[in-house]
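Single-letter residue listing:
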Amino acid sequence: LQTSIGALEDENSTLREQMGILETNLASSQQENEQLNSMATNMEGEIRKLTYENFKATAFQVSPEVKRGNATSKSGRARRIAVSFDIANVPVEFQGVRPIYLVVTDEKGTPIPRTDYIRTTVSLNGAPQDIMAVEAREENIGESQRIEFGHELEEKLDAGYYRVSVYTDVSLLGSSNFRLR
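Residues numbered from 1 in each chain as written. Predicted model: local features only at pLDDT ≥ 70, side-chain atom pairs only at ≥ 80, totals over all residues. Heavy atoms only, no water.

1. Describing the side chain of T105
Selection criterion: Each helix corresponds to a stretch of at least 4 residues labelled H or I by DSSP, and each strand to a stretch of at least 2 residues labelled E; elements are numbered beginning at the N terminus. Here the term buried applies to any residue with accessible area under 20% of the maximum for its type, exposed to any over 50%, and partly exposed to those in between, with areas from a 1.4 Å probe on protein chains only. Whether two residues are in contact is decided by their heavy atoms: any pair within 4.5 Å suffices.
Structurally, the position occupied by T105 is in strand β3 (residues 96-106). On the accessibility criterion, T105 (13% relative accessible area) is buried. Beyond its immediate chain neighbours, meaning those up to four positions away, T105 contacts T110, P111, I112, Y162 and R163.

The following block contains the structure:
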């Protein structure tokens, strides 16, 4: 009986050592798993960021116009702002009906005068950003297309530099500057 008890104690001691080794291996494996999950999350974020960077507006044309639609650079004559731009190589997950917002600001970043701004929040680099748009509409975004906006000014603009920015619900598509004399 004493021999059996001694053998069981030795076996128990060996099993405890093996269990300690297995617990250490398990902790190490869990730490490696957490690191791999963290790397995968970072890589997904980078891929998402690169996708947003590919979904940009190009070939902006901004034209202040008089009432008849002719271009002008004189602040006192401008009654309308015509904006057009191209979007190309739009990833499939961003195609479909999306809101498009037109924001016009002066050189200080102040929105141009308007009685009823379209206030909304868009995502910029994953962070929410409040904007005050002068125009908004739903647009069926395809792989490539040209989009045009026309904004009728409520008040005359002062001479100076202005910025036109175009947003969608997931990012800033692009912007362009223009000057009125």
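2. Points about the sheet that holds β3
Two orientations exist for strands paired in a sheet by backbone hydrogen bonds: parallel and antiparallel. This is how the line gets drawn: Two strands form a pair only when DSSP identifies at least two bridges running between them. Fitted lines through C-alpha atoms serve as axes, helices being fitted only where they are in contact, and the angles separating the N-to-C directions of these axes extend from 0 to 180 degrees.
The 4 strands are arranged β6-β3-β8-β9 in an open sheet whose pairing can be described as antiparallel. In the strand order of this sheet, the two ends are held by β6 (135-141) and β9 (171-180), each with one partner. The sheet shows a mean angle of 25° between the axes of neighbouring strands, direction not considered. Where β3 meets strand β8 (residues 160-168), 7 bridges bridge the pair, whose relative direction is antiparallel. Among the inter-strand pairings, I100 is bridged to a residue of β8, identified as T168.

3. Re the pattern of salt bridges
Note the threshold: One side-chain nitrogen of Lys or Arg within 4 Å of one carboxyl oxygen of Asp or Glu is enough to make a salt bridge.
Taken as a whole and assessed by the stated rule, the structure comprises 7 salt bridges. The closest approach of N and O atoms between E139 and R137, which form a salt bridge, is 2.9 Å. Through salt bridges with shared partners, one network takes in E65, R80 and E152.

4. Structural notes on the packing of aromatic side chains
Spelled out, the test is: Aromatic contacts are taken between Phe, Tyr and Trp rings whose centres are within 6.5 Å, Trp giving its six-membered ring; a plane angle under 30 degrees counts as stacked, one over 60 as edge-to-face, and the others as tilted. Sitting over a ring, as applied to charges here, requires NZ of Lys or CZ of Arg to be within 6 Å of the ring centre and within 35 degrees of the ring normal.
Applying the stated criterion to the full structure yields 2 aromatic pairs. Between Y162 and F178, the ring centres sit 5.6 Å apart and the planes meet at 25°, which makes this aromatic pair stacked. Linking Y162 in strand β8 with F178 in strand β9, this pair joins segments that are 16 residues apart in sequence. In this structure, Y162 and F178 share a single accessibility class: buried. Here R137 stacks its cationic end above the ring of F149, 4.3 Å away from the centre of that ring.

5. Some points on the sheet that holds strand β1 (residues 57-65)
Ordered in space as β1-β2-β7, the 3 strands form an open sheet in which the pairing is antiparallel. Both edges of this open sheet fall to β1 and β7 (145-152), since each of them pairs with a single strand only. If you compare each strand with its neighbour and ignore which way they point, the axes differ by 15° on average. Both β1 and strand β2 (residues 80-87) contribute to a ladder of 7 bridges, which runs antiparallel. Pairing of V62 across the sheet is with V83, part of β2.

6. Here we look at the layout of surface pockets
Selection criterion: The pocket and cavity definitions rest on a 1 Å grid over protein atoms only: a 1.4 Å probe that fits but cannot leave marks a cavity, an open set with protein on both sides within 12 Å along at least five of seven lines marks a pocket, and residues lining either have an atom within 4 Å of a point. Grid points are joined across faces, edges and corners, and a volume is the space filled by probe spheres set on the points. Note on residue categories: nonpolar means Ala, Val, Leu, Ile, Met, Phe, Trp, Tyr, Cys or Pro, charged means Asp, Glu, Lys or Arg, and polar means any other residue, Gly included.
A volume near 200 Å³ is recorded for the largest pocket. Forming the boundary of the largest pocket are 14 residues, of which D106, E107, D158, A159 and Y162 lie nearest the centre. Sort the elements by how many residues they give to the lining of the largest pocket and β8 lands first, with 3 residues. Per-class residue counts for the lining of the largest pocket are 7 nonpolar, 2 polar and 5 charged.

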